[in-house]
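Structural overview for review
In case you want the letters, here they are:
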Amino acid sequence: MHGRPRKPLKPVDEAAVAAKAEKLRALQSEFLSNHQNKIYSKEAVELSAKLLEINPELYTAWNYRKLAVQQNLAQCESDPESVNSILDEELKVVENALRQNFKSYGAWHHRKWVLEKGHSSMDKELGLLDKFQAMDARNFHAWNYRRFVAALMKRSDEDELEHTQNMIDKNLSNYSAWHNRSVLLSNLMKKAAPGFTSKDEVLTREYELVREALFTDEDDQSGWFYHLWLLDQTVRSEFPLLVSSWPVEGSDISLPAADYLDGCASMNVFHYSSRNFPLVLYFNQSVRGVNSSTVSVSCGFNLNIDLIWKPLSSTDSQSAKVWATHLAIPDAELHSSEAYQVEVKVGFSQGIVSTTGVAYSHPSQISFQLHLQKTPLESGQDSRFGRIQWKDDCFAVYEPGSAEPDLVNLLDNLTIKNEVESTASTWQARIIDDETNIFRDLLDCKIGKLTVARLLTAYNSLRPLDKPVHCKEVLELYSELMKLDPSHYQYYKDNHSLVLLQQLGSFEKLLWVQMLDLSNNELQSIEGLEALQLLSQLCLSNNKFRSFTALESLRYLKSLKVLDISQNEIGSHSIDTTRYLFRSPLSHSVGSCDWNINYLSSETYWEAFFVLKDMGLTQLDVAGNAITSKSFNVFLEKLLPTLKWLDGVEVN
């Protein structure tokens, strides 16, 4: 069991265990012989029952019994009593196995299989569950089985909600009851059942309920987890909405024409090595169905063209919060200095839906002007061959309130106004304000500090495109928690870093950024950065990246030319395979990799190959990582033919 040290067995106990093991081996050997020879006699089936009483985890024995039951049922289909007798016997075998191990997956699955035959008493099952839950009220197997039985009985969610209330009243620490309550409430609110049509009223009632538990025993975690779930429900938007885009409505975009396409300029003249102009749509939640049918794009040189929209997500190939496409500029237009009006219409045709199945129902239209400039770049502006240095004196500093007017206007226009979201955030803000004021009374304990920090962070998330108003207090709370609770230091530190990043601006607010320095932030992942499709220069030095897997978002940054990932921990840890099905590049199934074995003298660099292979980098810094070596540098030079600078040294 969890946290219980093993103790050496006494000689008497050792003998008993040895005898039991010998008996188990004999039974198992005879059982496997019966299974292999498809013997389903009464004696053979009884032997499997004895085996399962000793070892309920033997899946093969449960599968054997299923085969035996199916054969016996086929022989007596016309005799209801015989059918019921066979199935009742299976339920008894399962019950005996559960007495041996109440948490046996195989036993619970077998019982479900028997009940699905439709010949068993559901009321009897509920009675049995009451007995099991009296022994262990929090056992999640029993709760999962209860949901299964309730569905077969067509019991109402309201009745089941009352049952969870009774179980919570008996034991406030019943985590499984709180969890079941969250499942039931989600269903009731989704189908707008009577009494559950108003989300704010339902959540207000639930906050009052869980507060009673929290203030009764503030050290019990069950109620706190439920409170965290309620907070997530409070800030979660019910409807998919378009919250940001690039370009923004009413913007005037200038691109260098023809011979000046590779130039780098200020924020209104963008750096591209191709003739494809990116269009980015940023939704408040993951959606699918973004394509040329649901999003129309028209401009002077193309009308309603079939653009290919791609989800910018490393975890899902069908849905994402951010979708992007590229508008190809024909060669003939590159020699023109004409301005083109571009119109993007989102959701005027049905088809965009959230991952929860809610349809996008608030059509948006974005219009902007696209200019092709034939003016040569200013002296020093062309950085194709010069090395970018990340030094303070290379950047201009703007004090608060002194930003360029064009930048201020641009940031204001990034917000796509949604009346639905504004209305919803009113009751959400009220609930969070009420909860924050109540839990300030618990600021003398760490869970109180953590809850207030979460509440204030949630309040800021209601208006992601507005300036955060509680960041200073939240940062102070996480700083105090790092001192009070050092065992969870890294968790608080990560949240502290997220709040600092929130001060900079959420990703939907940074879609226009071309140059970004995120060095010295102890980052371990750059998930979300894939939204910045204009990004051409990125510094990630002196962070905590453990492998190239943590940098997978780089694959989506097609405009990126300059990358600094020096002074990290890449190569000093085993490869992070959590997003991969196989360790070998030859059997790797994520993405469509055209593995060129000439690049790989061994499997050592396959992860770097996967992330960097399609990038057109001209400058790369990797020094200070454990993976760096002469052979790795040779690998990079072969992999990246556009590379001009590697670790500060010009590439031949």
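Everything here concerns the structure above.
For clarity, every value in this text was computed on a predicted model and none was experimentally measured. (Residues numbered from 1 in each chain as written. Predicted model: local features only at pLDDT ≥ 70, side-chain atom pairs only at ≥ 80, totals over all residues. Heavy atoms only, no water.)

Together, Y59, Y105 and F140 give the surface a local cluster of nonpolar side chains, amounting to about 330 Å² of exposed area. Within the secondary structure layout, F140 lies in helix α7 (residues 140-153). (Patch = residues over 30% accessible without salt bridge, like charges linked within 9 Å, V, L, I, M, F, W, Y side chains within 5 Å. Areas by Shrake-Rupley, 256 points an atom, 1.4 Å probe, with all protein chains shown as cover. Salt bridge = Lys/Arg side-chain N within 4 Å of Asp/Glu carboxyl O. Helix = DSSP H or I, 4+ residues; strand = E, 2+ residues; numbered from the N terminus.)

We now examine the pairing of strand β7 (residues 339-346). Burial along β7 is one-sided: the face carrying Y340, V342, V344 and V346 is buried and the face carrying A339, Q341, E343 and K345 is not. Across four bridges, strand β4 (residues 295-298) lies against β7 in antiparallel orientation. Considered in β7, the bridge of S296 is made with K345. (Buried < 20%, exposed > 50% of the residue type's maximum accessible area, 1.4 Å probe, protein only. Pairing = 2+ DSSP bridges.)

The next thing to look at is the environment of L372. Locating L372 in the fold gives a position in strand β9 (residues 364-373). Each C-alpha atom of the pair L372 and I329 lies 9.9 Å from the other, and the pair is 43 residues apart in sequence.

Read across the sheet, six strands follow the order β10-β11-β12-β13-β14-β15 without closing on themselves; strand pairing throughout is mixed. A strand with exactly one partner marks an edge of an open sheet, and here the two such strands are β10 (515-517) and β15 (649-650). Summarising the sheet, strand β12 (residues 562-564) and strand β13 (residues 619-621) pair through three bridges and their orientation is parallel. Looking at β13, one finds that D564 is bridged to D621.

Next up on the list: the pairing of strand β6 (residues 320-328). In terms of strand pairing, strand β3 (residues 276-288) meets β6 through eight bridges, oriented antiparallel. Directly across from Y282, in β6, lies its bridge partner V322. As judged from the two bridges shared by strand β5 (residues 310-311) and β6, these two strands associate in the antiparallel manner. Pairing of K310 across the sheet is with A324, part of β6.

The subject of this paragraph is the packing of α7 against helix α9 (residues 175-190). The contact between α7 and α9 brings their axes to 10 Å, and the two run at 30 degrees. For the element pair α7 / α9, the angle class is roughly parallel. Every pair of crossing elements has a handedness; the one defined by α7 and α9 is right-handed. Contacts between α7 and α9 involve F140, W143 and R147 from the former and S176, A177, H179, N180 and V183 from the latter. When grouped by side-chain class, the residues that make up the contact of α7 with α9 number four nonpolar, three polar and one charged. (Axes fitted to C-alpha atoms, helices over the stretch in contact; angles between N-to-C directions. Parallel < 35°, antiparallel > 145°, perpendicular 65-115°, else oblique. Left-handed = near helix turned anticlockwise from the far one by under 90°. Contact = heavy atoms within 4.5 Å. Nonpolar A, V, L, I, M, F, W, Y, C, P; charged D, E, K, R; others polar.)

Another point: a negative patch on the surface. A cluster of acidic side chains, namely D217, E218, D219, D441 and D444, defines a negative patch on the protein surface. Within the element layout of this structure, D441 appears in the loop between α13 (419-439) and α14 (446-461). Its relative accessible area of 61% is what places D441 among the exposed residues. (Lys, Arg positive; Asp, Glu negative; His and termini not counted. Charge placed at Lys NZ, Arg CZ, Asp CG, Glu CD.)

Time to look at the packing of helix α4 (residues 80-100) against helix α5 (residues 105-115). Running from N to C, α4 and α5 point in directions that differ by 160 degrees, and their axes come no closer than 9 Å. In terms of orientation, α4 lies roughly antiparallel with respect to α5. Crossing geometry of α4 relative to α5 is assigned as left-handed. Between α4 and α5, the contacting residues are L87, E90, L91, V94, E95, A97 and L98 on the first element and A107, W108, H110, R111, V114 and L115 on the second. Across the contact of α4 with α5, the residue classes break down as nine nonpolar, one polar and three charged.

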